[in-house]
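# Inside the fold
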Amino acid sequence: AQSVTQLGSHVSVSEGALVLLRCNYSSSVPPYLFWYVQYPNQGLQLLLKYTSAATLVKGINGFEAEFKKSETSFHLTKPSAHMSDAAEYFCAVSGSGGYNKLIFGAGTRLAVHP
Amino acid sequence: KAGVTQTPRYLIKTRGQQVTLSCSPISGHRSVSWYQQTPGQGLQFLFEYFSETQRNKGNFPGRFSGRQFSNSRSEMNVSTLELGDSALYLCASSLGLESDTQYFGPGTRLTVL
């Protein structure tokens, strides 16, 4: 079975500081990994996805994530936080023959303060 | 291209009633998946439809059902509503291939009183 663990339900950073959101996965098959962002009263927007082409994945809005098989991790980073990055972030995994069945982590709420 | 649309955006029902939610995928997408989002359980997969067939199903009771039409639009139905069914229901569409990006709609907020 596949699962995702996001460490830290709440993360707070200063504007301009590094953003690091942690995600660890469990999968018996090579996984497909995703990061989504959700703004209040909206659906989910894809930030980036890993499909084994490259371990360092660049996404939208300056975010990137690195796939580390040895650590079963897919942490999300952004060098410099903006106020507009305040939102909830979800890591998700798929790939055990479940096609579009995404298994989500519990989410991390990112707060950015001036 | 227009994004995924969901109707209605907000819905209030009482216990015991049934409800139908609608989802129109991005043009050309043949797969529609449904998810339930609650504060307690987070985001959970309900089911996926591809070319009018249910291809995958999550661990939800039979009160939750869905269907897909020939134009790929999908509906989900919840019968005999319970208070615990209050949630944001999200629909996502994709081309339907493994690892495809799923594009989410804005969701339908269902409140059960």
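The present account deals with the structure reproduced in this document.

Conventions adopted
- Residues numbered from 1 in each chain as written.
- Chains lettered and ligands numbered in written order.
- Predicted model: local features only at pLDDT ≥ 70, side-chain atom pairs only at ≥ 80, totals over all residues.
- Heavy atoms only, no water.
- Helix = DSSP H or I, 4+ residues; strand = E, 2+ residues; numbered from the N terminus.
- Buried < 20%, exposed > 50% of the residue type's maximum accessible area, 1.4 Å probe, protein only.
- Phe/Tyr/Trp six-rings, centres within 6.5 Å; stacked < 30°, edge-to-face > 60°.
- Salt bridge = Lys/Arg side-chain N within 4 Å of Asp/Glu carboxyl O.
- Contact = heavy atoms within 4.5 Å.
- Buried area = accessible area lost by both parts, 1.4 Å probe.
- Polar contact = N/O pair within 3.5 Å; in protein donor to acceptor, adjacent residues only side chain to side chain.
- Nonpolar A, V, L, I, M, F, W, Y, C, P; charged D, E, K, R; others polar.

So, on to unusual backbone geometry. With omega at -10°, the peptide bond leading from Thr7(B) into Pro8(B) counts as cis. As for its placement among the helices and strands, Pro8(B) is situated in the loop between β1 (5-7) and β2 (10-13). The phi dihedral of Asn41(A) is positive, around 60°, even though this residue is not glycine. Here Asn41(A) shows up in the loop between β4 (32-38) and β5 (44-50). Residue classification places Asn41(A) among the exposed residues on the basis of a relative accessible area of 61%. At Ser72(B), a residue that is not glycine, the phi angle is positive and equals roughly 75°. Following the sequence through the fold, Ser72(B) ends up in the loop between β7 (64-68) and β8 (74-78).

Let us now look at the packing of aromatic side chains. On inspection of all chains with the given rule, the structure shows 14 aromatic pairs over all chains. Measuring from ring centre to ring centre gives 4.1 Å for Tyr50(A) and Phe67(A), while their planes differ by 15°; the resulting arrangement is stacked. With Tyr50(A) in strand β5 and Phe67(A) in strand β7 (residues 64-68), this pair connects stretches of sequence that are 17 residues apart. The exposure class of Tyr50(A) is buried, given its relative accessible area of 7%. Using a relative accessible area of 10% as the deciding quantity, one classes Phe67(A) as buried. A ring pair is formed by Phe60(B) and Phe64(B), whose centres lie 5.2 Å apart and whose planes are at 65°; its orientation type is edge-to-face. The exposure class of Phe64(B) is buried, given its relative accessible area of 4%. Three or more aromatic residues link up through ring pairs in this structure, and these residues are Phe34(A), Tyr36(A), Phe90(A), Phe104(A), Tyr35(B), Phe45(B) and Phe104(B).

Residue and element names in this part refer to chain B. In total, this model carries 8 salt bridges over all chains according to the counting rule given. Measuring nitrogen to oxygen at the nearest pair gives 3.6 Å for the salt bridge that ties Glu 82 to Arg 63. Separated by 19 residues along the polypeptide, Glu 82 in the loop between β8 and β9 (87-94) and Arg 63 in the loop between β6 (53-57) and β7 bring together distant segments of the chain. Note that Arg 73 and Glu 75 form a salt bridge whose closest N and O atoms lie 3.3 Å from each other. Because the salt bridges share partners, they merge into one network encompassing Arg 63, Glu 82 and Asp 85.

On the chain A side, the residues contacting the 24 residues of chain B number 20 residues. Buried surface at the junction of chain B and chain A, both sides included, amounts to about 1,800 Å², of which 52% is carbon and sulfur. On the chain B side of the interface with chain A, the three residues burying the most area are Leu43(B), Glu98(B) and Ser99(B), jointly 32% of the side's total. Taken together, the links from chain B to chain A amount to 0 salt bridges. Here chain B is connected to chain A by 4 residue pairs in polar contact (both at pLDDT 80 or more). Elements with a contribution of two residues or more to the side of chain B that touches chain A: β4 (31-38), β5 (42-50), β6 and β9 of chain B. Here the side of chain B that touches chain A takes 4 residues from β4(B), the largest share from any one element. Taken together, the residues of the side of chain B that touches chain A break down into 8 nonpolar, 10 polar and 6 charged.

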